[in-house]
Amino acid sequence: MIELFLVKPDYMMAIPVSTVTWSGQRYQAARKIEANILYSDTGLHFYQQVIEGDTLLFKWKGNELFRGTVFNRSRNKNGQLTLTAYDMLQYFLINKDIYNFLGKRLDEILVKMCKDSEVPHGSFVNTKEKVGKVIDQETPLYDIALRAMIDTHKVSKRKFHIYSRLGKIHLTELKKQDIQWVLEVGNNIIDYTYDTSIEETATRVKLASGEGDKTVTAIVTDSEGKKQFGVIQHFEKVSESLNKSALTKKGKEILNKKKGVKKKLDVEALGIESATSGNAIYAIIDDIPLKRTMYIDTDIHTFVGNKHTMNLHLIETNDFPEMEELTSSAPSGSSTGTVGGSPKAQEVVTLAKSYIGRLKYDYGGKNIARGSGDCSGFTKFIYKKVGIDIGDGTATQIKKGRKIDPSAAQAGDLVFFKGTIKERGPNAVSHVGIVTKPGYCVSLGNSGCKEHGYLRSNHPYWGPKFMQINRVL
């Protein structure tokens, strides 16, 4: 049974609710709930009484699943009342700072950031390894924490995970799961979609380090994959100064992740409260056939009355995302995330950000130089400045370059959205922006030229409308 409570400093009050969705995504910080309030005089009263900044507590069958802060309220013409709340990790996502964490452990870094941002936290285990760095560009606290988790894993092979529970941030070590939930057709799987693809596959990895005459390159090849799929090269100019041996080792690590057919599974199933992003699921689908462990990348749990169902996006591995070093050597404007591999990518980002707050939206307009235009006019104008013609309109621009996995987004990529223009339908491309760093982009919309999130975890409007990432540069 659904139970939703408004928690005030001196009292707690139940809120009548019809449906709740509870969702999250790996390495995208906060989990959230969207609660649809029963539309009646009573429901309207509670909608008006609950305000931004209030705490919501959500229970299912007596067990607390979520406690977080109201960030958005919505009421439409038909009387639909919706509250959106995020857990405490949202404050790690939206708060930015600079730090000198040299000689600090992951747990020490987290304690400092929690205290500075006044976020409640539990007791953190001693993570032992000193992985702190100087971060002299404004960076989201979550990205600092994620970088420290990645570096801890590199030096110790121990994988840590931060999460929010009971209104506090916690740190736990992820170990091999001995017991996994089983999802099986004919048992608890309601429906599924199974995709296999080589769009993100590489059969050869080429890495380069250094500049000019001092450039070192290394190439590693998946011979069997090359024989089957041809040469599909992943090229990367690494920021570290590496010798041939170290570069080859790094290339093998990248190839190991990118070789072979990539498999993704989306399932609708009967709800399991602990089946959340980052956890493992053992999937059994005989008619594919598929019998293997997969990991939850995205989860959306839906609660209606006494019914609980879930939609899971499952992937093959639970690897950390790739991130650039968070140090003073990071290129300007790229404080976090995988940085675009070319000078043009950084030039695109610098140009795009220079127009923030300077443009008015004009549907169909292309006169960016004089201060107005639409989203695709803006992206065409910026790319044209660096000598790249991506064409007019989102329908044309989405055909440029190649589609890449969102987890591999780089500064300078194009990000596309759907469903923002009602006349085009919910699944048609209708908006485009330029990635400034993974999870964020600059785009020209109704409210002007702004930098905003494009993930469900960091933007309530653009996140659900995210469509795909294309690499043009």
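The following refers to the structure shown. (Residues numbered from 1 in each chain as written. Predicted model: local features only at pLDDT ≥ 70, side-chain atom pairs only at ≥ 80, totals over all residues. Heavy atoms only, no water.)

1. Some thoughts on the pattern of salt bridges
Inspection of every chain in the model, using the stated rule, returns 19 salt bridges. Linking Arg105 and Glu108 is a salt bridge whose minimum nitrogen-to-oxygen distance equals 3.2 Å. By relative accessible area, which is 29% here, Glu108 ends up partly exposed. The salt bridge involving Lys366 is made with Asp374; its shortest N-O contact spans 3.5 Å. We classify Asp374 as buried; its relative accessible area is 6%. Connected through shared salt-bridge partners, Arg105, Asp107 and Glu108 make up one network. (Salt bridge = Lys/Arg side-chain N within 4 Å of Asp/Glu carboxyl O. Buried < 20%, exposed > 50% of the residue type's maximum accessible area, 1.4 Å probe, protein only.)

2. Observations concerning unusual backbone geometry
With an omega dihedral of -5°, the bond running from Ile288 to Pro289 counts as a cis peptide bond. Counting through the fold element by element, Pro289 comes out in the loop between β18 (280–285) and β19 (290–304). Here the phi dihedral of Lys157 falls at roughly 65°; this positive angle occurs in a residue that is not glycine. According to the relative accessible area criterion, Lys157 is exposed, its value standing at 65%. The phi dihedral of Leu166 falls on the positive side, at around 55°, and the residue is not glycine. (Helix = DSSP H or I, 4+ residues; strand = E, 2+ residues; numbered from the N terminus.)

3. A word on the packing of helix α3 (residues 106–117) against helix α4 (residues 141–156)
Across the interface, α3 lies against α4 with an axial gap of 10 Å and an inter-helix angle of 170°. When the axes of α3 and α4 are compared, the pair comes out roughly antiparallel. In this structure, α3 uses Leu106, Ile109, Leu110, Met113 and Ser117 to contact α4, whose residues at the interface are Leu141, Ile144, Ala145, Ala148, Met149 and Thr152. The class makeup of the residues in the contact of α3 with α4 is nine nonpolar, two polar and no charged. (Axes fitted to C-alpha atoms, helices over the stretch in contact; angles between N-to-C directions. Parallel < 35°, antiparallel > 145°, perpendicular 65-115°, else oblique. Contact = heavy atoms within 4.5 Å. Nonpolar A, V, L, I, M, F, W, Y, C, P; charged D, E, K, R; others polar.)

4. Quick look at the nonpolar core
Core analysis: the largest hydrophobic core is formed by 33 residues, its most contacted members being Phe92, Leu110, Met113, Tyr142, Ile144, Ile162 and Ile169. The leading source of residues in this core is α4, at eight residues. (Core = buried A, V, L, I, M, F, W, Y, C linked by side-chain atoms within 4.5 Å.)

5. Here we look at the pairing of strand β6 (residues 63–75)
Sheet analysis places strand β5 (residues 55–60) next to β6, joined by six bridges and oriented antiparallel. Its bridge partner being in β6, Leu57 is matched across the sheet by Arg67. Counting the residues in the hairpin turn of β5 and β6 gives two residues, including Lys61, whose phi is positive at 55°. Across six bridges, the pairing between β6 and strand β7 (residues 81–86) is antiparallel. (Pairing = 2+ DSSP bridges.)

Just geometry here; none of it tells us what the structure is for.
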